[in-house]
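Take a look at the letters that make up each chain.
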Amino acid sequence: MSETVEIPVEWHEHIHPRRGGIPGPPVSLDEGAAERARAWDLAARPIAEEMGEHERTDPELGRALRAWLDGEPDPAGAAAAAAVAVKYLDGVDGPAFLDAWALDHGLAFAACAVTEAFSIEPGPVPPPPTPMSGGVVRLVAYMGGERSRGWRGEIRRSTHRDHFPVGEWVAQDAVVKKLRTLLAAAPVDEYDDAVACLSRHRGDAWRQRVAAYLVPTETAWLDGSPDRSSGSTNFEFRVCSLSSAAQIGGLSWIPVTPAVMGTLLDGLGTDALPLLDIALRNVRDRDEARPIVLRALVRIADEAVFPLLLDHMGEQGVPAALQEAAERHPEHALRALAPLVGVTVRGLQAAGTVRGLLYARPDLAEAVPQESVEALLPRPAVPDSADLPGVLAGKPARGAKTDWADPALLPRILTRGRDRALPASATRRLLGLLARKAPEAAEVRAFCDRHSLAEFSWAVFERWQALGAPTRHNWALAQLGLIGDDTTVRRLSPLIRLWPGQGLTARAAAALDVLAAIGSDVALTHLFELTRRGRFKGLKARAARTIDEIAAARGLTRDALADRAVPDFGLDERGTLVLDYGPRRFTVTFDEQLVPLVVEANGKVRKSAPKPGPKDDPALAPAAHALFTGLRKDLRTIADQEIRRLELAMTTRRTWTPDDFQTLFVDHPLLGHIVRRLVWTTDAGTAFRVDEGRDYADVADDPFTPAPGARIGIAHPVLLGDDLRAWAEIFADYEILQPFEQLGRPVHRLTEDERAAHRLDRVEGLVLPYGKAKGHSQGRWESVDADGGFAGGWLARRDPAGLYVVAELSPGLAHYMYGEGEDQEIKALWAGPAPAREPKDTVPLGRVDPVTMSEAVHDLVRSAT
């Protein structure tokens, strides 16, 4: 037996002592049972004699049966005679034959006879199953009864069509296990005789399995053996005979009993893990089997156990098994789980378990590289704070809601000065408030260090995940909204995207409430991002409703809320950030896509911050590097979102007051980098740009000041007219790269004739690939009727005044087809107050906003080509 496996004592019953070194249970032969078997043998002789002479009888078996009837000790003949007795006499106890064979002829003979019995069948081969009405299959088996009296049958080897093999009745499961135990306890010479005898009686899959089970020390006997044979008992023998990973083969199911589990652990040790995984995944008797499999898993001291348990964390009993396995084998747990720690469900479960181990035994950190668990190690101790706010004063309440969140296994919460920490009693008091989702819990933010408070909050959430995220403790998710911070938002957002696909839609919705409760600019930005990206429409719609609720509470529109929700990330008024490494300092600036760039003191530009070196300050340098890493991660989400939002504002003609424009864009530390790369315009038609000094200049590069009552928007090139070329030259001269296509954007202006027309001939007849047409219906265009149903016969685009540009499609889009379908021909393009299947109440195209018309034509022409 492997030293890495601890097998429960009560599972030793069928473990082979010669292989595992574990004493088997005492067992003895029953003289009374043997006497009954001898009597049944005599009673069955007339029938056996007839079978032995039958012309269809297997010749080899016929000779063996006649030899037995003549008094010769032939194991195959004894097995055949016993099979006849069991099948054709009433009330025969098949297992009794084992006692008779062993007492009369010895264990080697009994072993061979039992093995032969599994391969012998009296009677003809049953006909194949016959399908009947309703899909029922009729099975035909020849059993006892009137047919046995005087009937001339046959004796043969079993086939796969024997639905109820007689051999399993002669040598039942208990019989073979008893014989295995007798052989294991036999003297060496008797055991060797049995092995030698069995080696001559392993003719087919049935006998091979039984022989390999009876003497599992002959490990090669299972090599090359067929993976399958008839009978569930026979299959169990194969499983319990395994001694190496190579013998597992194509097994896709194993019987789960304590005896099988104990035998597997004894024979395979840690190599049994794939089979235990199969047992957990199999749907057959899952609820009954799972506790037995888990009890086996927690006793295996191997790193592979922990990822396997993580794969099944949603199943009953698995989280508790993970905790037990980690406590039994903490070093293996650390080595397996530390590399998995991260912001995924699996990573959180790993982190919660690892943190609990390290807080209970910090010395375990030596078992893994320090950097892999550094964030989860307990911090240096600081004195308890004697001065506590009223909300944390008093005796903490104890109860099942918080007992699992032991403060000793969680990071300590520092006070605002970071030189004191909350005592355990105050932490338990806070946990009680969080468990009740009491709003006053948020009051501790004014007293505690926000970072350590948020780290404590996240550690509670990790611990909850490690316990399987039980719904009765879902306060562990809600509390993130009370004491979490922007770091919490960044960690939680990826999980929100994943949960609906894992059947955790309700949890994702609750997490959106957490982001709303945190309510910071970063939280709002991530909420907006969730409305744009992701595979789950329900989640996107729920995020949009959350944003609308926040906007309504603040008296803003959704767009106005988005304007005010862009984080500044601590940038200075020039829109830069200084990274202080001590002896070295770097300045962070941004390119046209808001990608952060690091500028060295000599002006050299780097794409990332350098790693701290030995000459850098040991405290400042790592903090500065971490600051840049976090900024770059945030901008991967926010930059693209903000650039797309401004491009949409250009195409939809959105405008702002001069004051809002100055505050929300020009003076914003981050967005200012984009503002200076665009041409803006007033509603009076004057275009201008914002220079490096945040001053405004017109196309002649003269200073410009918008009128107090003006509206300012992003200039679409169709509005710039003859000045478009001049603006392009100015941006080229100043080497200004734009965040999106503005000055170089294709422009489609209507001719005078087209402005007066009600149809646009130049796009009619264009053919759009199905995928692109379908994509338009889910983007800037729409294909929804007045009742909210999918129309599919047209694409429509609304202009700021409420008119629609409508492209009639043929044959039309199907609501259920996303990537495949017929190409779509544009039969007509017209404008009117509402979209329809055919032109209706049309108006001259010149009444449509020129930006909307230009964008519509551009989309259709580009898609068609």
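Residue indices begin from 1 for each chain and proceed along its sequence in written order. Whole-chain, interface and lining totals are the exception, using all residues; otherwise, since this is a predicted model, local features are given only for residues with pLDDT of at least 70 and side-chain atom pairs are given and counted only at 80 or more. Remark: hydrogens and water are excluded; side-chain values derive from all non-hydrogen atoms of the structure.

(A) Representation of the overall build of the chain in the model. For the purposes of this entry, the term helix denotes a DSSP run of H or I that reaches at least four residues, the term strand denotes a run of E that reaches at least two, and both are numbered from the N terminus. Counting its regular elements, the chain contains 35 helices and 17 strands. In summary, the chain has a C-alpha radius of gyration of 40 Å against a globular reference of 29 Å for 865 residues, an excess of more than 25%. Only protein chains enter the accessibility calculation, which uses a 1.4 Å probe. A residue is then buried if its area is under 20% of the maximum for its type, exposed if over 50%, and partly exposed in between. Relative to its 865 residues, the chain shows a buried fraction of 52%. By definition, residues are in contact when any of their heavy atoms lie within 4.5 Å. Once local pairs closer than 6 in sequence are excluded, the contacts in the chain between residues at least 24 apart make up 68%. For this measure, only C-alpha atoms enter the radius of gyration; the expected value for a globule follows 2.2 Å times N^0.38, where N is the number of residues.

(B) How the structure looks around the sheet that holds strand β12 (residues 696-697). Pairing in this open sheet of five strands is antiparallel, and the strands run β9-β13-β10-β11-β12 from one edge to the other. Edge positions in the open sheet fall to β9 (655-656) and β12, since each of these has one partner strand only. Taken together, the three bridges between strand β10 (residues 680-682) and strand β13 (residues 712-714) define a ladder with antiparallel strand orientation. Bridging across to β13, Trp680 finds its partner in Ile714. Strand contacts of helix α32 (residues 724-733): β11 (687-690) and β12, with the helix running at about 10° to β11, the strand carrying the most contacts. When DSSP locates at least two bridges between a pair of strands, those strands are taken to pair. Helix axes use the C-alpha atoms of the stretch in contact, all axes being lines fitted to C-alpha atoms, and the angles between their N-to-C directions lie in the range 0 to 180 degrees.

(C) A look at the nonpolar core. Here, nonpolar core refers to any group of buried Ala, Val, Leu, Ile, Met, Phe, Trp, Tyr and Cys residues whose side-chain atoms link them within 4.5 Å. By size, the foremost hydrophobic cluster in this structure holds 121 residues, and its most contacted members are Trp101, Met261, Leu264 and Leu297. Among the elements that make up this core, the one with the highest residue count is helix α4 (residues 75-88) (10 residues). If we ignore the near neighbours within four places in the chain, the residues touching Leu297 are Leu273, Leu276, Leu280, Val305, Leu308 and Leu309. Counting residues in each nonpolar core, the second largest holds 101 residues, with Leu430, Ala551, Val675 and Ile712 among its members.

(D) Local environment of the confidence of the model for the chain. In the predicted model, the chain carries a mean pLDDT of 87, and the fraction of residues at 70 or more is 92%. Per-residue confidence from the predictor is given as pLDDT, running between 0 and 100. Scored below 50 in pLDDT, residues 141-151 makes 18 contacts in the model with residues more than four places away or belonging to other chains. The model gives residues 228-232 a pLDDT under 50, and that stretch makes 11 contacts with residues more than four places away or in other chains.

(E) Geometry of the sheet that holds strand β5 (residues 577-580). With antiparallel pairing, four strands are arranged side by side in an open sheet as β5-β6-β7-β8. Each edge of the open sheet is held by one strand with a lone partner, namely β5 and β8 (605-606). For strand β7 (residues 596-599) and β8, the ladder comprises two bridges, and the chain directions are antiparallel. Paired with Val598 across the two strands is Arg606, which belongs to β8. Packing against the sheet, helix α28 (residues 620-651) makes contact with β5, β6 (585-590) and β7, and its axis sits at approximately 145° to β5.

(F) The arrangement of the packing of helix α18 (residues 345-360) against helix α21 (residues 450-466) in detail. Where α18 meets α21, the closest approach of the two axes is 7 Å, and the angle between their N-to-C directions is 105°. Relative to α21, the element α18 is oriented roughly perpendicular. In contact with Val345, Leu348, Gln349, Ala351, Gly352, Thr353, Arg355 and Gly356 of α18, α21 contributes Trp458, Ala459, Phe461, Glu462, Arg463, Gln465 and Ala466. Throughout this entry, Asp, Glu, Lys and Arg are counted as charged residues, while Ala, Val, Leu, Ile, Met, Phe, Trp, Tyr, Cys and Pro are counted as nonpolar. The remaining residues, Gly among them, count as polar. In the contact of α18 with α21, the residues fall into seven nonpolar, five polar and three charged. Reported orientations rely on four angle classes, namely roughly parallel under 35 degrees, roughly antiparallel over 145, roughly perpendicular from 65 to 115, and oblique for the rest.

(G) Main features of the packing of helix α5 (residues 96-105) against helix α6 (residues 107-117). At a minimum axis separation of 7 Å, α5 and α6 run at an interaxial angle of 145°. As α5 packs across α6, the resulting crossing turns out to be right-handed. For the pair formed by α5 and α6, the contact residues are Leu98, Trp101, Ala102 and His105 on the first element and Leu107, Phe109, Ala110, Ala113 and Val114 on the second. When the residues that make up the contact of α5 with α6 are grouped by side-chain class, the tally is eight nonpolar, one polar and no charged. Left-handed describes a crossing in which the near helix is turned anticlockwise from the far one by less than a right angle; the clockwise case is right-handed.

(H) Unusual backbone geometry, seen in detail. That bond from Ser810 to Pro811 is cis: its omega, 10°, falls within 30 degrees of zero. One can find Pro811 in the loop between β16 (804-810) and β17 (824-832). A positive phi is found at Arg653, a non-glycine position, where the angle reads about 65°. With respect to the helices and strands, the residue Arg653 is situated in the loop between α28 and β9. Judged by its relative accessible area of 34%, Arg653 is partly exposed.

(I) Representation of the pairing of β17 in the model. Counting buried positions over the nine residues of β17 gives seven, a clear majority of the element. In this structure, strand β14 (residues 767-768) lies alongside β17, joined through two bridges in antiparallel fashion. Looking at the pairing, Val767 lines up with Glu825 of β17. Inspection of the sheet shows β16 paired to β17 by seven bridges, in the antiparallel sense. The residue of β17 that forms the bridge with Val806 is Trp830.

(J) Representation of the packing of aromatic side chains in the model. Aromatic pairing here means that ring centres of Phe, Tyr or Trp (its six-membered ring) are within 6.5 Å. Orientation follows from the plane angle: under 30 degrees is stacked, over 60 is edge-to-face, and everything else is tilted. According to the stated counting rule, one finds 17 aromatic pairs in the structure shown. Aromatic side chains Trp68 and Phe109 sit 6.1 Å apart centroid to centroid with 25° between the ring planes, which places their arrangement in the stacked category. Here Trp68, found in helix α3 (residues 59-69), pairs with Phe109, found in helix α6; they are 41 residues apart in sequence, far enough to count as distant. Between the aromatic rings of Phe461 and Trp464, the centroid separation amounts to 5.8 Å while the plane-to-plane angle is 40°, which identifies the pairing as tilted. Pair noted here: Phe461 and Trp464 are both in helix α21, with a separation of three residues, about one helical turn. Both residues of the pair, Phe461 and Trp464, count as buried. Ring pairs connect the aromatic residues Trp656, Phe661, Phe665, Trp680, Phe688, Tyr696 and Phe704, which therefore count as one cluster. As a reminder, the over-ring test applies to NZ of lysine and CZ of arginine, requiring each to be within 6 Å of the ring centre and within 35 degrees of the ring normal. Geometry around Tyr734 places Arg689 over its ring, the cationic atom sitting 4.5 Å from the centre.

(K) Region of the structure containing the pattern of salt bridges. Basic side-chain nitrogens of Lys or Arg form a salt bridge, by our definition, when they fall within 4 Å of a carboxyl oxygen of Asp or Glu. In the structure shown here, the tally under the stated rule is 47 salt bridges. Arg558 is the salt-bridge partner of Asp548, the closest N and O atoms lying 3.0 Å from each other. Separated by 10 residues along the polypeptide, Asp548 in helix α26 (residues 537-553) and Arg558 in helix α27 (residues 558-564) bring together distant segments of the chain. Residue Asp548 is classed as partly exposed on the basis of its relative accessible area of 35%. A network of salt bridges, in which partner residues are shared, links Glu60, Glu116, Arg157, Asp204 and Arg207.

(L) Looking closely at the pairing of β7. Going residue by residue along β7, you find Pro596 and Val598 tucked away on one face and Leu597 and Val599 left uncovered on the opposite face. Relative to β7, β6 runs antiparallel, the two sharing four bridges. Paired with Val588 across the two strands is Val598, which belongs to β7. Between β7 and the antiparallel strand that follows it, β8, lie five residues; Gly603 among them carries a positive phi value of about 95°.

(M) Up close: helix α2 (residues 31-53). Between the first and last residue of a helix there are one fewer steps than residues, each counted as 1.5 Å, and that sum is the expected span. With 23 residues, α2 extends 32 Å from end C-alpha to end C-alpha; this agrees with the ideal 33 Å at 1.5 Å per step. Each element contacted by the buried residues of α2 is listed here: α3, α4, α5 and β1 (120-122).

(N) Seen up close, the side chain of Ser520. Relative to the helices and strands, Ser520 resides in the loop between α24 (505-518) and α25 (521-532). What makes Ser520 buried here is its relative accessible area of 19%.

(O) Representation of a negative patch on the surface within the structure. Exposure above 30% relative accessible area and the lack of any salt bridge qualify a residue for a patch; like charges then connect within 9 Å, and the nonpolar side chains Val, Leu, Ile, Met, Phe, Trp and Tyr within 5 Å. Note on areas: Shrake-Rupley, 1.4 Å probe, and residue coverage restricted to the protein chains presented here. When charges are counted, neither His nor the chain ends are considered; positive counts come from Lys and Arg and negative counts from Asp and Glu. By convention, charge coordinates are those of NZ in Lys, CZ in Arg, CG in Asp, or CD in Glu. Taken together, the side chains of Glu49, Glu53, Asp70 and Glu72 define an acidic patch exposed on the protein surface. Relative to the elements of secondary structure, Glu53 occurs in helix α2.

(P) Molecular detail of the side chain of His312. Among the secondary structure elements, His312 is positioned in the loop between α15 (305-311) and α16 (318-328). Residue His312 is classed as buried on the basis of its relative accessible area of 2%. What qualifies as a polar contact is a pair of N or O atoms within 3.5 Å, subject to a donor-acceptor requirement within protein and to the restriction that residues adjacent in sequence count only when both atoms come from side chains. Side chain to side chain, His312 and Asp277 meet in a polar contact 3.0 Å long. For His312, the residues in contact, after removing those within four places along its chain, are Asp277, Leu280, Arg281 and Val318.

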